[in-house]
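Structure at a glance
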Amino acid sequence: MSYNGFIKKITEEIKMRKKTVAMLLTAAMTCGMLAGCGGQGDSSKEASGDTLTVMCVGTEADTYIDAYNSIAEKFSEDNEYGVKVKIDFYENEQYKTKLTTLMASNAVPDVFFTWELSYLQPFVEGGKVTDITSYLEKDAEWKDSFADGTLDLLSYDGKNYGIPTQKSLCVMFYNKKIFEENGVRVPSTYDEFLSVCDTLKSNGVTPMAMCGTDAWIPAQFVQQIAGGMAGDKLFQDICNGSEKWNNETHVKAAEEVKKMADAGYFQDGYIGMGPEESTDLFTNGKSAMYFMGAWDADKIQKSGIGEDAGALVLPAYDAQYNNISVGSVDTSFAVSETCKNKDAAVAFLKFWTSQEMEEMLLYENGRIPADNFELDTSKLTPLMGEVLTISNEQVGLTPWWDRQFGAGEGVEFNNTCVSVLGGEDAKTAFDGLQQFAEDNADR
């Protein structure tokens, strides 16, 4: 099945989602921001000399920062609105808190980074986001340039409120040199994967780097394992309300990851380690594997590992569910309703998603484009070639739970997974998550 097919399936699942889920969402949901638009009407005159400020997720450790800034600089050099673009970057969790505060005070930058699905939805329902449907309808070429279904993930009640610039999925990065030195090969079954971990651990090598402070990171691993136990039907059934959060698969998947932790497959002290620390363990050759979104491919490729970096798809617990991964669109942007020059803001997004800019982000920064265009495989780094091969082999994608259900059950799922890793009984923890969902069903 093609990536477009995955997205179509996801959008069908979104439509099945209970309306009560949306009511659970709170202003804690956040998006990255591009800020600083001018006014409506004759916007080219009103915006002349203005600064289009941008708020976005990113840190100095992210190799895409320079590329994002270069896009802003190129647009600033020549645009009919006379605007200059300035991007402000924030660490992931800091960004979420910052954006929530700005939303509450109506001080949101003009354009902002956002996650899709239920993450953006409360801002839309709160009247904080611009409906950009008319811009897409007036430019059919731009609208049709996106992969089928990707725009739907940022649409609500038939109207579009965001633009995806990339897409991504979770992969297991691995150090080819460490594998070779320890006589292990890329596993093709789940038992082989556990055997690889056992061998590495026995040889004094940390099998996997894991972050425990950002709950969504271990939670995506639990979600991946669960998908390998029950397929994407589990995702669909939870979305349409026919399955409960404390189902046997979720409990079993969380217990499986806890067994890995207890077996020493993660580094010592992982539960209190931040994302950059855990990433550094892998890029510095201190762990053999690292489960993360494909957006980290460029950072890994440009690290000390370099050509020794590889990517594999985690084999499913049940082989019939191989190639079902956690994934969706990535690095989306929305325009604030308070933006004074929506024309300039949308023009910037159109420039960002042009083939020229998307090719630059793919070939130089390993960002998988949300657009449809022919790839020049000769320009891909070896690692990105492996990532795209994995992407093309997938038969199903399930978005991260905190994107699908937002600050309600989504965030609680993340916290539940961390609590299990911290020692709480898995059944008890997921019973609590189910109770949370029931208690908040009428909100």
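Residues numbered from 1 in each chain as written. Predicted model: local features only at pLDDT ≥ 70, side-chain atom pairs only at ≥ 80, totals over all residues. Heavy atoms only, no water.

1. Considering the overall build of the chain
Counting secondary structure elements, the chain contains 21 helices and 12 strands. By sequence separation, contacts in the chain at least 24 residues apart represent 78% of the contacts at least 6 residues apart. (Helix = DSSP H or I, 4+ residues; strand = E, 2+ residues; numbered from the N terminus. Contact = heavy atoms within 4.5 Å.)

2. Notes on the pattern of salt bridges
For the coordinates displayed, the defined rule picks out 14 salt bridges. The closest approach of N and O atoms between aspartate 62 and lysine 299, which form a salt bridge, is 3.3 Å. Here the residue aspartate 62 occupies a position in the loop between β2 (51–57) and α4 (65–77), and lysine 299 occupies one in helix α15 (residues 297–301), the gap between them amounting to 237 residues. On the basis of relative accessibility, which here comes to 16%, the residue lysine 299 falls in the buried class. Of the charged contacts in the structure, one is a salt bridge between aspartate 330 and arginine 367, with a shortest N-O distance of 3.7 Å. Residue aspartate 330 is located in strand β11 (residues 324–335), and its partner arginine 367 is located in the loop between α17 (355–365) and α18 (382–393); the two are separated by 37 residues in the primary sequence. Accessibility expressed as a relative area gives 4% for arginine 367, which makes it buried. Counted as one network, the salt bridges with shared partners bring together Glu116, Asp330, Arg367 and Arg403. (Salt bridge = Lys/Arg side-chain N within 4 Å of Asp/Glu carboxyl O. Buried < 20%, exposed > 50% of the residue type's maximum accessible area, 1.4 Å probe, protein only.)

3. Regarding the confidence of the model for the chain
Averaged over all residues, the pLDDT of the chain is 89; the fraction at 70 or higher stands at 89%. Low pLDDT, under 50, characterises residues 13–48; the stretch is placed with 143 contacts to residues that sit more than four places away or in other chains. (pLDDT = per-residue confidence, 0-100.)

4. Thoughts on the environment of alanine 72
With respect to the helices and strands, the residue alanine 72 is situated in helix α4. For alanine 72, a relative accessible area of 2% translates into the label buried. In this structure the C-alpha to C-alpha distance between alanine 72 and valine 85, which are 13 residues apart in sequence, comes to 5.3 Å. For alanine 72, the contacting residues outside a window of four places in its chain are Val85, Ile87 and Phe348.

5. Structural notes on the packing of helix α13 (residues 248–262) against helix α21 (residues 426–439)
Remark: α13 packs on α21, axes separated minimally by 9 Å, with the N-to-C direction vectors making an angle of 135°. By the criterion of interaxial angle, the relationship of α13 to α21 is oblique. Crossing angle aside, the handedness with which α13 passes α21 is right-handed. Note on element contacts: α21 touches α13 through Ala426, Lys427 and Phe430, opposite His250, Val251, Ala254 and Glu255. For the contact of α13 with α21, the residue count by class is four nonpolar, one polar and two charged. (Axes fitted to C-alpha atoms, helices over the stretch in contact; angles between N-to-C directions. Parallel < 35°, antiparallel > 145°, perpendicular 65-115°, else oblique. Left-handed = near helix turned anticlockwise from the far one by under 90°. Nonpolar A, V, L, I, M, F, W, Y, C, P; charged D, E, K, R; others polar.)

6. Focus on empty space enclosed by the protein
For the structure on display, the rule yields seven cavities of 30 Å³ or more. Put simply, the largest cavity is a space of about 580 Å³. What lines the largest cavity is a set of 31 residues, and nearest its centre among them are Val57, Tyr64, Asn92, Trp216 and Trp295. Going through the elements one at a time, β2, α5 (92–104), α11 (216–230), α14 (275–283), β9 (287–293), β11 and α19 (401–404) are the ones with two or more residues in the lining of the largest cavity. Per-element accounting of the lining of the largest cavity gives the leading share, three residues, to α14. Of the residues assigned to the lining of the largest cavity, the class counts are 15 nonpolar, five polar and 11 charged. Domain assignment of the residues forming the lining of the largest cavity places at least three in each of domain 1 (51–167 + 329–379) and domain 2 (169–327 + 383–440). (1 Å grid on protein atoms, 1.4 Å probe; cavity = no way out; pocket = protein on both sides within 12 Å on 5 of 7 lines; lining within 4 Å. Points joined across faces, edges and corners; volume = space filled by probe spheres on them. Domains from an automatic or database assignment.)

7. Thoughts on the nonpolar core
One finds Phe173, Phe193, Met208, Phe221, Met260 and Met289 to be the most contacted residues of the largest nonpolar core, which totals 82 residues. For this core, the leading source of residues is α11, giving nine residues. Apart from the residues within four sequence positions on either side, methionine 208 is in contact with Met172, Phe193, Cys197, Phe221, Met260, Tyr265, Phe266, Gln267, Ser287 and Met289. By size, the runner-up hydrophobic cluster in this structure holds 55 residues, among which are Met55, Ile71, Phe333 and Ala370. (Core = buried A, V, L, I, M, F, W, Y, C linked by side-chain atoms within 4.5 Å.)

8. Here's the deal with the side chain of glutamine 434
In this structure, glutamine 434 sits in helix α21. Those residues within four positions of glutamine 434 in sequence are excluded, and the remaining contacts are Lys244, Trp245 and Asn246.

9. Side note on unusual backbone geometry
Positive phi, normally seen in glycine, also occurs at asparagine 106, with a value near 55°. The residue asparagine 106 is located in the loop between α5 and β4 (111–114) in this model. The backbone of asparagine 323 shows a phi angle near 65°, a positive value even though the residue is not glycine. As for its position among the elements, asparagine 323 is in the loop between β10 (309–312) and β11.

10. A short note on the pairing of strand β3 (residues 84–90)
Here β2 pairs with β3 via five bridges, running parallel. Following the sheet pairing, leucine 52 is matched in β3 by valine 85. Handedness of the β-α-β unit built from β2, α4 and β3 comes out right-handed. (Pairing = 2+ DSSP bridges. Right-handed = clockwise from strand over helix to strand, strands pointing away.)

11. Overview of the packing of aromatic side chains
Scanning the model with the defined rule gives 30 aromatic pairs in all. Between tyrosine 95 and tryptophan 115 the ring centres are 6.3 Å apart and the planes differ by 75°, which places this aromatic pair in the edge-to-face class. Taken together, the residues span a long stretch of sequence, with tyrosine 95 in helix α5 and tryptophan 115 in the loop between β4 and α6 (121–125) at a distance of 20 residues. Side by side, tyrosine 95 and tryptophan 115 carry an identical accessibility label, which is buried. Taken together, a centroid distance of 5.7 Å and an interplanar angle of 25° make the contact between phenylalanine 282 and tyrosine 290 stacked. On the accessibility criterion, phenylalanine 282 (0% relative accessible area) is buried. The class of tyrosine 290 is buried, set by a relative accessible area of 3%. Clustering of aromatic rings is evident, with ring pairs tying together Tyr64, Tyr68, Phe75, Tyr95, Phe113, Trp115, Tyr119, Phe333, Phe348, Phe351 and Trp352. Against the face of tryptophan 115 rests lysine 96, its NZ or CZ located 5.3 Å from the ring centre. The ring of tryptophan 400 carries the charged tip of arginine 403 above its face, separated from the ring centre by 4.2 Å. (Phe/Tyr/Trp six-rings, centres within 6.5 Å; stacked < 30°, edge-to-face > 60°. Lys NZ or Arg CZ within 6 Å of the ring centre and 35° of its normal.)

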